[in-house]
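The residues making up each chain are set out below.
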Amino acid sequence: MEQIRENILRIREEMALAAEKAGRDPKEILRFAATKMNDSARVRAAVEAGVDVCGENRVQELVQKSLENAYAPAPVHFIGHLQTNKVNKVVGKVDLIQSVDRLELLEALQKTAQKMEITQDILLEVNIGGEESKSGFAPQDVMDMVARMEAYPALRLRGLMTIPPVATFSGENRRFFAEMHRLSVDIRAKKYDNVSMDYLSMGMSDDFADAIMEGSTMIRVGTRIFGARTYTK
Ligand SMILES: *Cc1c(COP(=O)(O)O)cnc(C)c1O
């Protein structure tokens, strides 16, 4: 647990350094802990050490750790691929769904949120590297999607999220982060009704400094906080 604290302190320092280089206020960048495969005790340690947000990418873990009250007082987001038949376990249970990656999911979220009579905050996930293996809207389709958000009045679009390709050298993804930033600036300029660009969620353990240099407002960190995950299940 002490290690988790130390890791978060170090990340905070690196964030401040990157922000300073970019002439930004570090306070405008949220520290998000990707808590997958870590139990409630470890999640709590991270929240106590000062992460701003937690996030899960599996519905099962979200449900389990919510029951165990792992996240409070930190807000919790969903960041994984969401099957439409599990939408009702996530809508209204998380503060933000970051990984809205396809039209079919938008429709399902709208239907569920409307039925529950709530407004669900979402981000659109952008497949910025155009990778076959990743979900998300193609960059050239995002503008059209955003223009159609008025068809989803139970949803409120709060920004964009991306997972860039795995980099082979440091700095390789900066151009993708820059492209994401341009997209969000273009969208904000349109001033659509249920659309704001409060969040630009990008940057993970290996590249959060680059993402901050290019305008990220939320870095999502797992490994650098909790250590390497061992996928045995
Ligand atoms: C796991 C995960 C992260 C964190 O990845 P690390 O490389 O461990 O920092 C960020 N975003 C998403 C969507 C994830 O699933």
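None of the values given here were measured: they were computed from a predicted structure. (Residues numbered from 1 in each chain as written. Predicted model: local features only at pLDDT ≥ 70, side-chain atom pairs only at ≥ 80, totals over all residues. Heavy atoms only, no water.)

Caption draft 1: Just the pairing of strand β5 (residues 120–126), in detail. Across the seven residues of β5, seven count as buried, placing the element largely inside the fold. In β5, alternate side chains face the same way, and those of Q120, I122, L124 and V126 on one face and D121, L123 and E125 on the other are all buried. Alignment of strand β4 (residues 96–100) against β5, held across two bridges, turns out to be parallel. Opposite V100, over in β5, you have L124 as the bridge partner. On the question of chirality, the crossover connecting β4 to the parallel β5 by way of helix α4 (residues 103–116) is right-handed. Pairing between β5 and strand β6 (residues 155–162): seven bridges, direction parallel. Bridge pairing in β6 places I122 opposite L157. As for the winding sense of the linkage, the β-α-β connection from β5 through helix α5 (residues 139–147) to β6 is right-handed. (Buried < 20%, exposed > 50% of the residue type's maximum accessible area, 1.4 Å probe, protein only. Helix = DSSP H or I, 4+ residues; strand = E, 2+ residues; numbered from the N terminus. Pairing = 2+ DSSP bridges. Right-handed = clockwise from strand over helix to strand, strands pointing away.)

Caption draft 2: Broad picture of the pattern of salt bridges. Under the criterion given, the structure shown has twelve salt bridges. Taken together, the shared-partner salt bridges connect E56, R58, E61 and K65 into one network. (Salt bridge = Lys/Arg side-chain N within 4 Å of Asp/Glu carboxyl O.)

Caption draft 3: Highlighting the site of the ligand. All residues in the neighbourhood of the ligand are listed as A34, K36, N57, I79, I163, M204, S205, R220, V221, G222, T223 and R229. Within the side chain of K36, one N or O atom sits 2.7 Å away from an oxygen atom of the ligand. Between the ligand and the protein, one listed contact pairs an oxygen atom with a side-chain N or O atom of S205 at 2.5 Å. The protein chains hide 90% of the 380 Å² of surface that the ligand would expose on its own. (Near = heavy atom within 4 Å. Polar contact = N/O pair within 3.5 Å; in protein donor to acceptor, adjacent residues only side chain to side chain. Areas by Shrake-Rupley, 256 points an atom, 1.4 Å probe, with all protein chains shown as cover.)

Caption draft 4: Here's a closer look at the packing of aromatic side chains. In total, this model carries zero aromatic pairs according to the counting rule given. The side chain of R175 reaches across the aromatic face of F176, ending 4.2 Å from its centre. (Phe/Tyr/Trp six-rings, centres within 6.5 Å; stacked < 30°, edge-to-face > 60°. Lys NZ or Arg CZ within 6 Å of the ring centre and 35° of its normal.)

Caption draft 5: Summary view of the side chain of N7. Residue position: N7 is located in helix α1 (residues 2–21). Its relative accessible area of 13% is what places N7 among the buried residues. Beyond its immediate chain neighbours, meaning those up to four positions away, N7 contacts R224 and I225. (Contact = heavy atoms within 4.5 Å.)

Caption draft 6: Main features of unusual backbone geometry. A72 connects to P73 through a cis peptide bond whose omega is 5°. Positioned with a positive phi, N69 is a non-glycine residue whose angle comes to about 60°. Along the chain, N69 falls in the loop between α3 (59–67) and β3 (76–78).

Caption draft 7: Highlighting the environment of P75. Position of P75 among the secondary structure elements: in the loop between α3 and β3. Contact partners of P75, with chain neighbours within four places excluded, come to D52, V53, C54 and D95.

Caption draft 8: Looking closely at the packing of α5 against helix α6 (residues 174–190). The geometry of α5 relative to α6 is characterised by a closest axis approach of 11 Å and an angle of 20° between their N-to-C directions. By the angle class used here, α5 and α6 are roughly parallel. Relative to α6, α5 is oriented so that their crossing is right-handed. On α6, the residues touching P139, V142, M143 and V146 of α5 are E179, L183, D186, I187 and K190. When grouped by side-chain class, the residues that make up the contact of α5 with α6 number six nonpolar, no polar and three charged. (Axes fitted to C-alpha atoms, helices over the stretch in contact; angles between N-to-C directions. Parallel < 35°, antiparallel > 145°, perpendicular 65-115°, else oblique. Left-handed = near helix turned anticlockwise from the far one by under 90°. Nonpolar A, V, L, I, M, F, W, Y, C, P; charged D, E, K, R; others polar.)

Caption draft 9: Representation of the environment of T230 within the structure. Mapped onto the elements of the fold, T230 is located in the segment after α8 (223–226). Exposure remark for T230: the relative accessible area of 59% places this residue in the exposed category. Along the chain, T230 and M37 lie 193 residues apart, while their C-alpha atoms are 8.4 Å from each other.

Caption draft 10: Structural context of α3. Those residues of α3 not exposed but buried are V59, E61, L62 and K65. Viewed end-on, α3 has its buried residues packed into an arc of 165°, placing them on one side of the element. With respect to the buried face of α3, the exposed residues turned more than 90 degrees away are Q60 and L67. Of the surrounding elements, those touching the buried residues of α3 are α2 (40–48), β2 (53–56) and β3. Of the residues flanking the end of α3, it is N69, one or two places downstream, whose phi is positive at about 60°. (Arc of directions from axis to C-beta.)

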